[in-house]
Amino acid sequence: MADRYLSFTGTAPGRFLTRRLGLPQPAALERGSLTGGLLHLTAGKTDLDLAPVLARTGRPRDEDGRPAAVVLDATGVRDVDSLAEVHAALHPVVRSVAASGRVVVLGAPLDPADHHQAAVQQALEGFTRSLGKEIGRGRTVNLVRLTDAPAAESTLRFLLSPASAYVTGQVIGVGATTQGAAPDDWDLPLAGRTALVTGAARGIGAAVAETLAGQGAQVVVLDVPQAEREAREAAERLGGTALALDITAADAGERIAAALPGGLDVLIHNAGITRDRRLVNMPADRWGSVLDVNLASVLRTTDALLAAGAVNRGGRIVATASIAGLAGNAGQTNYGASKAGIVGLVRSLAPRALAEHGVTVNAVAPGFIETKMTAAVPLFIREAGRRMNSLAQGGLPVDVAETTAWLAHPASGAVNGQVVRVCGQSLLGA
Ligand SMILES: NC(=O)c1ccc[n+]([C@@H]2O[C@H](COP(=O)([O-])OP(=O)(O)OC[C@H]3O[C@@H](n4cnc5c(N)ncnc54)[C@H](O)[C@@H]3O)[C@@H](O)[C@H]2O)c1
C-alpha cells in the first residue's frame, strides 16, 4: 500500500499544512545516486590510513561545501578533550550536508584497560544516535567501530552509498580480518557465487534474490511447495533456479545440500511468519509454528549445512531478525521470541563459524517495511509504525535486500556477528 502521506508532504500545500500542524516531515529518500562530494574529517590523533580507501569509493572530495557524505575519523578520541573535536569538526558542516546525505563516524573498539577511552568511545554511540534523530532531510548517521581501514572498505562503500537509505542510527563493528578479497568489479561483487534465499517467492525475500542476482549471484529461490509457481517465475526472471521446500522439514538442510552439489556461498534465512495473539489467547500451535519457521528451522538447516560442508569457505550466512525481537511487541510473544533467538544464534555462532568454516554469520533486523505483511496491519497502527522512526517513513524491501547483499559480499569477511537494523532508526528498541 502506497504511503500517501509521504507523497502529500512532498507537495507545496502538503508541506505547508503538515508543518503548521507540527506533523512529521518525511523526506523522499534518494535510492538512485547521491550527488555531491565527500568530506573527510578527523577528531583526535588517528593512526587509520583511510584516505586510499575513501579515494577508491570514487566519490570526489568535497569542494563546494555541500557534501553528500561526511566521514569523521574519531578512532583517536581517547578523552573528553579530544571528544570536543567531534563537536568542533561536525558543528560547522552538518547543516550543509545534502538531502539524503551520509554521515559516518568511525570509532575504535572500547579499551577494557582504559576507562577514559572506553567512556568517550561509548559516548560516540549516544552522539551518533542523537544526531541521527535530529539531522532530518533523509540524511543518515551511523557509527563504524574498526581497527583497520581496508577491512572496512565494503562497509564504508555501503554506508556512503544510496543502498543504505534506510539504515541510520546504527553501530557496526568491523573486525581486523581481511578474509575475502576485494572483488574485481564492485558492481558485481557476487559474480560466480551461488546464493540461496529462503521465502523468496515474494516480499522481502524476492527483493533479496533480485538484488543478489543483480550483483552477479546465481540465485536459488526457495519457498514452500504452495508457492512453487511464484518461486519458479521469480527464478526464471533472475536466471536462477527454484527449490520447492518447506524449510521446517526435518531434512531441509540435507535436501538443500543435495540440490546444490557445488555447495553454497551465500545462505539467506529470510522465510518467516507471524501468528499474532496476546499470550493469554495464544494456543500452543500458534506459538509452535512461529518458533519452528522463524527459529528452529534456521538452527536446523544451518547446523546441517555447516556439518555437511555445504557452505563453501568464504561463505556468508545472513539471518532475518526483526525489531520486534529487539524491542518486543504486544501480541507477538512468539514472533519476538523467535527473532530474538536469531540474534542469540548469530552472536554465538559467528566466531566459531568463521574459525571452523571460514563463514561469517550476521543478521538484518528490519523495522517497518512496506510489504503485504505490513499492508494488512490496521490503519492507525500502520501509520504509527511508518512514522515512529527518524526518517518518518517505512522502508522498502530493497532496503533490506541491499543491506543483506552488503553482508553477503565476499569483501565483507571482517563483518561478523553483527545485527544490523534496517529500520530508519525506529523509536522501538535501542
Ligand atoms: N515486512 C516487515 O515489515 C518485516 C519486519 C521485520 C522482519 N520481517 C521479516 O522479514 C522476512 C520476510 O518478511 P516478508 O514481509 O517479506 O514476509 P512475506 O510473508 O511477504 O514472505 C515470506 C515468505 O516466506 C515463505 N515461507 C513461509 N514459511 C515458509 C516455510 N516454512 N518454508 C519456506 N518458505 C516459507 C512464504 O511462502 C513467503 O513467500 C520474515 O522473516 C519476516 O519476519 C519483515
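Everything below is about the structure shown above.
Scope of this entry: the structure provided in the associated data block. What you are looking at is a predicted structure, and each value in this text was computed from that prediction instead of being measured. (Residues numbered from 1 in each chain as written. Predicted model: local features only at pLDDT ≥ 70, side-chain atom pairs only at ≥ 80, totals over all residues. Heavy atoms only, no water.)

## Some remarks on helix α8 (residues 228–238)
- For α8, the set of buried residues is Ala231, Ala234 and Ala235. The arc that holds the buried residues of α8, viewed along the axis, is 100 degrees, so those residues lie on one side. In α8, those exposed residues whose orientation departs by more than 90 degrees from the buried face are Arg229, Glu236 and Arg237.
- Where the residues of α8 are buried, they touch β7 (218–223) and β8 (241–244).
- Of the residues flanking the end of α8, it is glycine 239, one or two places downstream, whose phi is positive at about 70 degrees. (Buried < 20%, exposed > 50% of the residue type's maximum accessible area, 1.4 Å probe, protein only. Helix = DSSP H or I, 4+ residues; strand = E, 2+ residues; numbered from the N terminus. Arc of directions from axis to C-beta. Contact = heavy atoms within 4.5 Å.)

## Here's the deal with the side chain of glutamate 153
- Note that glutamate 153 resides in helix α6 (residues 153–159).
- At a separation of 2.7 Å, a polar atom in the side chain of glutamate 153 contacts the side chain of arginine 56.
- Here glutamate 153 is in contact with Val53, Arg56 and Trp186, once residues within four sequence places are set aside. (Polar contact = N/O pair within 3.5 Å; in protein donor to acceptor, adjacent residues only side chain to side chain.)

## Remarks on the packing of helix α4 (residues 80–90) against helix α5 (residues 115–134)
- Running from amino to carboxyl end, α4 crosses α5 at an angle of 25 degrees, the nearest separation of the two axes being 10 Å. Here α5 runs roughly parallel to α4, going by the angle between their axes. Our pair here, α4 against α5, has a crossing hand that is right-handed. Between α4 and α5, the residues in contact are Val80, Leu83, Val86 and Leu90 and Val120, Ala123, Leu124, Phe127 and Leu131, respectively.
- The class makeup of the residues in the contact of α4 with α5 is nine nonpolar, no polar and no charged. (Axes fitted to C-alpha atoms, helices over the stretch in contact; angles between N-to-C directions. Parallel < 35°, antiparallel > 145°, perpendicular 65-115°, else oblique. Left-handed = near helix turned anticlockwise from the far one by under 90°. Nonpolar A, V, L, I, M, F, W, Y, C, P; charged D, E, K, R; others polar.)

## A short note on the sheet that holds strand β1 (residues 38–44)
- Across the sheet, which stays open at both edges, the five strands sit in the order β1-β2-β3-β4-β5 with parallel pairing between neighbours. Either end of the sheet is taken by a strand with one partner, and the two such strands are β1 and β5 (171–173). Across the sheet, the axes of successive neighbouring strands diverge by a mean angle of 20 degrees, strand direction being ignored.
- Bridging between strand β2 (residues 69–76) and strand β3 (residues 102–107) involves five bridges; their strand directions are parallel. Across the sheet, leucine 72 pairs through a bridge with valine 105, a residue of β3.
- Here α4 sits on the sheet in contact with β1 and β2, set at roughly 155 degrees to β1. (Pairing = 2+ DSSP bridges.)

## A word on the packing of helix α7 (residues 203–214) against helix α15 (residues 397–408)
- Orientation of α7 relative to α15, taken along the N-to-C sense of each, is 50 degrees, at an axis distance of 8 Å. As the angle between them shows, α7 and α15 are arranged oblique. Between α7 and α15 lies a crossing whose hand is right-handed. Residues Gly203, Ile204, Ala207, Val208, Thr211 and Leu212 of α7 pack against Pro397, Val398, Val400, Ala401, Glu402, Thr404, Ala405 and Ala408 of α15.
- Each residue belonging to the contact of α7 with α15 can be placed in one class, and the counts come to ten nonpolar, three polar and one charged.

## Some words on the pairing of β1
- Of all seven residues in β1, five are buried; the element is thus mostly enclosed.
- Bridging between β1 and β2 involves six bridges; their strand directions are parallel. The residue bridging leucine 38 from the neighbouring strand is alanine 69, located in β2.

## Some remarks on the nonpolar core
- By size, the foremost hydrophobic cluster in this structure holds 59 residues, and its most contacted members are Leu50, Leu106, Val174, Leu212 and Val221.
- In terms of nonpolar packing, the next biggest core, distinct from the first, is built from 35 residues, Ala271, Ala319, Ile342 and Ala365 among them. (Core = buried A, V, L, I, M, F, W, Y, C linked by side-chain atoms within 4.5 Å.)

## Examining the site of the ligand
- Every one of the 27 residues lining the ligand counts as a neighbour, but Arg202, Ile204, Asp223, Asn270 and Tyr335 are closest to it.
- Between the ligand and the protein, one listed contact pairs an oxygen atom with a side-chain N or O atom of aspartate 223 at 2.6 Å.
- Contact between the ligand and glycine 367: an oxygen atom at 3.3 Å from a main-chain N or O atom of the residue.
- Protein chains shield 93% of the accessible area of the ligand, which is 830 Å² for the free molecule.
- Of all elements in the fold, only α7, β7, α12 (333–357) and α13 (372–375) reach the threshold of two or more residues within the shell around the ligand. (Near = heavy atom within 4 Å. Areas by Shrake-Rupley, 256 points an atom, 1.4 Å probe, with all protein chains shown as cover.)

## A closer look at the layout of surface pockets
- Looking at the second largest pocket, its volume works out to about 440 Å³.
- Of all the secondary-structure elements, those providing two or more residues to the lining of the second largest pocket are α6, α7 and α15.
- Among the elements that line the lining of the second largest pocket, the one with the most residues is α6, at four residues.
- Among the residues forming the lining of the second largest pocket, the class breakdown is eight nonpolar, seven polar and four charged. (1 Å grid on protein atoms, 1.4 Å probe; cavity = no way out; pocket = protein on both sides within 12 Å on 5 of 7 lines; lining within 4 Å. Points joined across faces, edges and corners; volume = space filled by probe spheres on them.)

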